[in-house]
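# Descriptive structure summary
Listed below, chain by chain, are the residues.
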Amino acid sequence: MKATGIVRRIDDLGRVVIPKEIRRTLRIKEGDPLEIFTDREGQVILKKYSPIGELNEFANEYCEALFDNSGHIALISDRDTIIAIAGGSKKEYKEKRVSPDLERVIENRNTYTTDGSNKPIKIYYEDEDESEYAAQVITPIVMQGDPIGSVMLLSKDESAKMGDIEIKLIETAAGFLSKQMGN
């Protein structure tokens, strides 16, 4: 664990303020849920909560099914990181921080597809070149009105096209995952 040198006191209601610098670095915004853990040494650990992270194994299996049926790289992300992948390099994508472009797609709550008017976007923060993607279709996972992640199909094959079938496939996946988290 890394020491920050910052000390805060607990107020009379049991609250503690997380410093702005730490919130900015960890991308914690007002209203974000945090999980609270304790360890045997008495340390309290706060972790940004990801409802999709709860379905990690299920998300991996769903990605496999999407890849098997579409032939395209399939990814599932929460709002911060890519949590599941099939059909591509796990090392390239898994647990990478989502790009600002992908964050905007998730926030907009609309399906994004590359076509004549939309160009490919970077998927993860360190993504070198979005032009390596020949086709993309991305849809947010929305739970109770809040965007909590995304389902994506990507292709690096120049002849690949994403059409209505791929759009319906990932919109169905996003809807199903949203319902699974609501249970």
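In case you missed it, the structure is sitting above this.
Below is a summary of the structure that appears in this document. (Residues numbered from 1 in each chain as written. Predicted model: local features only at pLDDT ≥ 70, side-chain atom pairs only at ≥ 80, totals over all residues. Heavy atoms only, no water.)

## Overview of the overall build of the protein
Of regular secondary structure, the protein possesses 5 helices and 7 strands. Taken from N to C terminus, the helices and strands of the protein fall in the order α-β-β-α-β-β-α-α-β-β-β-α. In terms of principal-axis extent, the alpha carbons of the protein reach across some 60 × 35 × 30 Å. Counting over 183 residues, the protein shows a buried share of 37%. Long-range pairs, those at least 24 residues apart, make up 50% of the contacts in the protein between residues at least 6 apart in sequence. Accessible surface for the protein amounts to roughly 11400 Å². Of this, 50% is attributable to carbon and sulfur atoms. (Helix = DSSP H or I, 4+ residues; strand = E, 2+ residues; numbered from the N terminus. Buried < 20%, exposed > 50% of the residue type's maximum accessible area, 1.4 Å probe, protein only. Contact = heavy atoms within 4.5 Å. Areas by Shrake-Rupley, 256 points an atom, 1.4 Å probe, with all protein chains shown as cover.)

## Some remarks on the sheet that holds strand S4 (residues 82–86)
Read from one edge of the open sheet, 5 strands run S4-S3-S7-S6-S5, paired in antiparallel fashion. With one partner strand each, in any of the chains shown, S4 and strand S5 (112–113) form the two edges of the open sheet. As judged from the 2 bridges shared by S5 and strand S6 (residues 135–143), these two strands associate in the antiparallel manner. Note that in S6 the partner of Tyr-112 across the bridge is Ile-138. On the sheet, helix H2 (residues 56–70) packs against strand S3 (73–78), S4 and strand S7 (146–155) and is oriented at approximately 35 degrees with respect to S4. The strands that helix H4 (residues 100–108) touches are S3, S5, S6 and S7; relative to S7, the one it contacts most, it runs at about 125 degrees. (Pairing = 2+ DSSP bridges. Axes fitted to C-alpha atoms, helices over the stretch in contact; angles between N-to-C directions.)

## Let's talk about the packing of aromatic side chains
Evaluated as defined, the whole model comprises 4 aromatic pairs. Judged by centre distance (6.1 Å) and plane angle (65 degrees), the rings of Phe-58 and Tyr-62 are edge-to-face. Pair noted here: Phe-58 and Tyr-62 are both in helix H2, with a separation of 4 residues, about one helical turn. According to the relative accessible area criterion, Phe-58 is partly exposed, its value standing at 28%. Between the aromatic rings of Tyr-93 and Tyr-124, the centroid separation amounts to 5.7 Å while the plane-to-plane angle is 85 degrees, which identifies the pairing as edge-to-face. Taken as a pair, Tyr-93 in helix H3 (residues 90–93) and Tyr-124 in the loop between S5 and S6 lie far apart in primary sequence, 31 residues in all. We classify Tyr-124 as buried; its relative accessible area is 7%. Aromatic ring contacts, followed pair by pair, group Phe-58, Tyr-62 and Phe-176 into a single cluster. Seen from the ring of Tyr-125, Arg-97 lies directly overhead, with NZ or CZ sitting 4.1 Å from the centre. (Phe/Tyr/Trp six-rings, centres within 6.5 Å; stacked < 30°, edge-to-face > 60°. Lys NZ or Arg CZ within 6 Å of the ring centre and 35° of its normal.)

## A closer look at a positive patch on the surface
On the surface, a cluster of positive charge is made up of Arg-8, Lys-20, Arg-23 and Arg-24. Mapped onto the elements, Lys-20 comes out in helix H1 (residues 20–26). (Patch = residues over 30% accessible without salt bridge, like charges linked within 9 Å, V, L, I, M, F, W, Y side chains within 5 Å. Salt bridge = Lys/Arg side-chain N within 4 Å of Asp/Glu carboxyl O. Lys, Arg positive; Asp, Glu negative; His and termini not counted. Charge placed at Lys NZ, Arg CZ, Asp CG, Glu CD.)

## Quick look at H2
Between its first and last C-alpha, H2 extends 21 Å over 15 residues, near the 21 Å set by a 1.5 Å rise per residue. Among the residues making up H2, those that are buried are Ala-59, Tyr-62, Cys-63, Leu-66 and Ser-70. Projection of H2 onto a plane perpendicular to its axis shows the buried side chains occupying an angular sector of 105 degrees, all on one side. Within H2, the exposed residues directed more than 90 degrees away from the buried face are Glu-57 and Asp-68. (Expected span 1.5 Å × (residues − 1). Arc of directions from axis to C-beta.)

## With respect to the pairing of S7
The buried count for S7 comes to 9 of 10 residues, which makes it a mostly enclosed element. One ladder, built from 6 bridges, connects S3 with S7; its direction is antiparallel. Looking at S7, one finds that Asp-78 is bridged to Gly-149. In this sheet, S7 lies alongside S6 in antiparallel orientation, the contact comprising 9 bridges. Its bridge partner being in S7, Val-137 is matched across the sheet by Leu-153. Taking the residues that link successive antiparallel strands as the turn, the S6-S7 hairpin has 2 residues, and the phi of Gln-144 there is positive, at about 55 degrees.

Just distances and angles here, no functional claims.
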